[in-house]
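Read off the chains here:
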Amino acid sequence: MSDGAVLHVKGRVLAGPEDVRDELWVVGGRVSYYRPAGARDITTVTGWALPGLVDAHCHVGLGADGPVDADTAEKQALTDREAGTLLIRDAGSPSDTRWVDDRPDLPKIIRAGRHIARTRRYLRNYAWEIEPEDLVAYVAREAGRGDGWVKLVGDWIDRGVGDLAPCWPREAVEAAIAEAHRLGARVTAHCFAESSLRDLVEAGIDCIEHATGLTEDLIPLFAERGVAIVPTLVNIATFPHLAAGGESRFPAWSAHMRRLHERRYDTVRGAYDAGIPVYVGTDAGGSLAHGLVAAEVAELVTAGIPPVQAVSATSWGARAWLGRPGLEEGAPADLVVYEGDPRADVRVLAAPRRVVLDGRIVE
């Protein structure tokens, strides 16, 4: 398409869960529901259109051994784009990916800076590894590097006890979260286990990643405080493999990981039923492949979340949570076109017909 071209999307435009339009126009890279006067160079696409999908837990620039080069990061971002993911909340990366912002052909990224972990309590080469007395200073630093988010490692295996355990004392996270909020940033935390959750939520955290340790007694607290969860079920599916690998050295940890895996669907459905906001995230990067957003939506449906709400968790709802527009009048034209209605069958998300980014057809 030339710079002066107009894109016409016909069929069913899902501007919201129940807000269905017959068509939209893309003029100057922006959404319009009014036919532009005098338009002649028109490209027409037909199908079911959704706002560009959101992967709210993704890691561009991260590989199994830590940061990757720009070529690898570009391939990661392109893989996500091909899957229809046009907005990424990068939940921690040691790589500087600001160059992506200058690439209109790559997904938009909302960064959380680099993970902040306790010394020797996380994956090597991923995080800043520090002690509690330095937590506030590092949170302030990453709040400045990020795009309104900071990522903590809330729990990890403690070799002294042979199981998952909290990484931070209560007073440290209270001070750190207060500092992030003072600086205008929200805070999220990696948490597999049960034991770190109450302190983090009562300290004012905004989101919990994975949240496999969410229990019936904690669900009301999350709901009352409005703390969101991003379950990353496609990643939780790897827990049995991880448990098998650690069985001989850490049998208590292995058994714990298996229990968390076994109740993963009940955990997510219990959270949803209680009104806890649930969003789609794949945990791509590290050892997990990119481009799994459709598989994660399907996992939420398997857990018992209604299809419309599972789609919202990667589109309308997720974009509103992250403060980014969907298919409103005048919004950047980031959208994906499908063969059928994803509200009726989320499996159609796995096969985008067209991907439009900043008004240009890129796939």
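Structure first, text after, so check above.
Keep in mind that this is a model prediction, so the values were computed, not measured.

1. Examining the sheet that holds strand β3 (residues 30-32)
Read from one edge of the open sheet, seven strands run β3-β2-β1-β4-β18-β19-β20, paired in mixed fashion. In this open sheet, the two strands that pair with only one neighbour each are β3 and β20 (360-361). Examined bridge by bridge, strand β18 (residues 335-338) and strand β19 (residues 354-357) share three bridges and lie antiparallel to one another. In the sheet register, Val 337 faces β19, and the bridge partner there is Arg 354.

2. Details of the nonpolar core
Among the nonpolar cores identified, the biggest contains 77 residues, and Leu 135, Ile 205, Ile 208, Phe 222 and Leu 300 are the most heavily contacted of them. Once residues within four sequence positions are removed from consideration, Leu 300 is found in contact with Pro 231, Leu 233, Val 268, Val 278, Val 280, Ile 305, Ala 310 and Ala 313.

3. As for empty space enclosed by the protein
Any empty space left between atoms is shown by rolling a water-sized probe over those atoms. Counted under the stated rule, the structure contains one cavity of 30 Å³ or more. In this structure, the largest cavity encloses a volume near 40 Å³. Lining the largest cavity are His 210, Ala 211, Thr 212, Ile 229, Pro 231, Leu 233, Arg 264, Thr 267 and Val 268. It is helix α9 (residues 264-273) that provides the largest number of residues to the lining of the largest cavity, a total of three residues. Taken together, the residues that form the lining of the largest cavity break down as five nonpolar, three polar and one charged.

4. Considerations on the packing of helix α7 (residues 239-246) against helix α8 (residues 251-262)
Where α7 contacts α8, the two axes come as close as 8 Å, and the packing angle between them is 170 degrees. Overall, the two elements α7 and α8 adopt an arrangement that is roughly antiparallel. Together, Phe 239, Pro 240, Leu 242, Ala 243, Ala 244 and Gly 246 of α7 and Pro 251, Trp 253, Ser 254, Met 257, Arg 258, Leu 260 and His 261 of α8 make up the contact between the two elements. Among the residues making up the contact of α7 with α8, the classes are represented as nine nonpolar, three polar and one charged.

5. A word on α7
Listing the buried residues of α7 in full gives Phe 239, Ala 243 and Gly 246. Taken around the axis of α7, the buried residues stretch over an arc of 70 degrees, which confines them to a single face. In this structure, α7 carries His 241, Ala 244 and Gly 245 as exposed residues pointing more than 90 degrees from its buried face. Looking at the buried positions of α7, the neighbouring elements they touch are α6 (233-236) and α8.

6. Examining a positive patch on the surface
Residues Arg 120, Arg 124, Arg 159 and Arg 249 make up a contiguous surface patch of positive charge. Structurally, the position occupied by Arg 159 is in the loop between β12 (155-158) and β13 (163-166).

7. Side note on the pairing of strand β7 (residues 85-90)
Taken across its six residues, β7 has six buried, putting it largely inside the fold. Of the strand pairs in this sheet, strand β5 (residues 53-63) and β7 are connected by four bridges, and their pairing is parallel. If you follow Val 54 over to β7, its bridge partner there is Leu 87. Pairing analysis gives four bridges linking β7 to strand β8 (residues 108-111), with the strands arranged parallel. Considered in β8, the bridge of Leu 87 is made with Lys 108.

8. Here we look at the packing of α9 against helix α10 (residues 293-303)
Between α9 and α10, the shortest axis-to-axis distance is 8 Å and the interhelical angle comes to 80 degrees. As summarised for this structure, α9 and α10 are arranged roughly perpendicular, according to the angle between their axes. In this structure, α9 contributes Tyr 265, Val 268 and Arg 269 to the contact, and α10 contributes Glu 299, Leu 300, Thr 302 and Ala 303. Split by residue class, the contact of α9 with α10 holds four nonpolar, one polar and two charged.

9. Some words on the layout of surface pockets
In this structure, the largest pocket occupies an estimated 1000 Å³ of space. Surrounding the largest pocket, 35 residues form its lining, Tyr 122, Leu 123, Trp 156, Leu 242 and Trp 253 being those nearest its centre. Going through the elements one at a time, β5, β12, α7, α8 and β17 (284-286) are the ones with two or more residues in the lining of the largest pocket. The leading source of residues in the lining of the largest pocket is α7, at five residues. For the lining of the largest pocket, the residue count by class is 15 nonpolar, 13 polar and seven charged.

10. Description of unusual backbone geometry
Although it is not a glycine, Arg 120 adopts a positive phi angle of roughly 60 degrees. Here Arg 120 shows up in the loop between β9 (116-118) and β10 (128-130). By relative accessible area, which is 66% here, Arg 120 ends up exposed. Of note, the phi angle at Asp 358 is positive, near 50 degrees, even though the residue is not glycine. By secondary structure assignment, the location of Asp 358 is in the loop between β19 and β20. Its relative accessible area of 31% is what places Asp 358 among the partly exposed residues.

Thresholds applied
- Residues numbered from 1 in each chain as written.
- Predicted model: local features only at pLDDT ≥ 70, side-chain atom pairs only at ≥ 80, totals over all residues.
- Heavy atoms only, no water.
- Pairing = 2+ DSSP bridges.
- Helix = DSSP H or I, 4+ residues; strand = E, 2+ residues; numbered from the N terminus.
- Core = buried A, V, L, I, M, F, W, Y, C linked by side-chain atoms within 4.5 Å.
- Buried < 20%, exposed > 50% of the residue type's maximum accessible area, 1.4 Å probe, protein only.
- Contact = heavy atoms within 4.5 Å.
- 1 Å grid on protein atoms, 1.4 Å probe; cavity = no way out; pocket = protein on both sides within 12 Å on 5 of 7 lines; lining within 4 Å.
- Points joined across faces, edges and corners; volume = space filled by probe spheres on them.
- Nonpolar A, V, L, I, M, F, W, Y, C, P; charged D, E, K, R; others polar.
- Axes fitted to C-alpha atoms, helices over the stretch in contact; angles between N-to-C directions.
- Parallel < 35°, antiparallel > 145°, perpendicular 65-115°, else oblique.
- Arc of directions from axis to C-beta.
- Patch = residues over 30% accessible without salt bridge, like charges linked within 9 Å, V, L, I, M, F, W, Y side chains within 5 Å.
- Areas by Shrake-Rupley, 256 points an atom, 1.4 Å probe, with all protein chains shown as cover.
- Salt bridge = Lys/Arg side-chain N within 4 Å of Asp/Glu carboxyl O.
- Lys, Arg positive; Asp, Glu negative; His and termini not counted.
- Charge placed at Lys NZ, Arg CZ, Asp CG, Glu CD.

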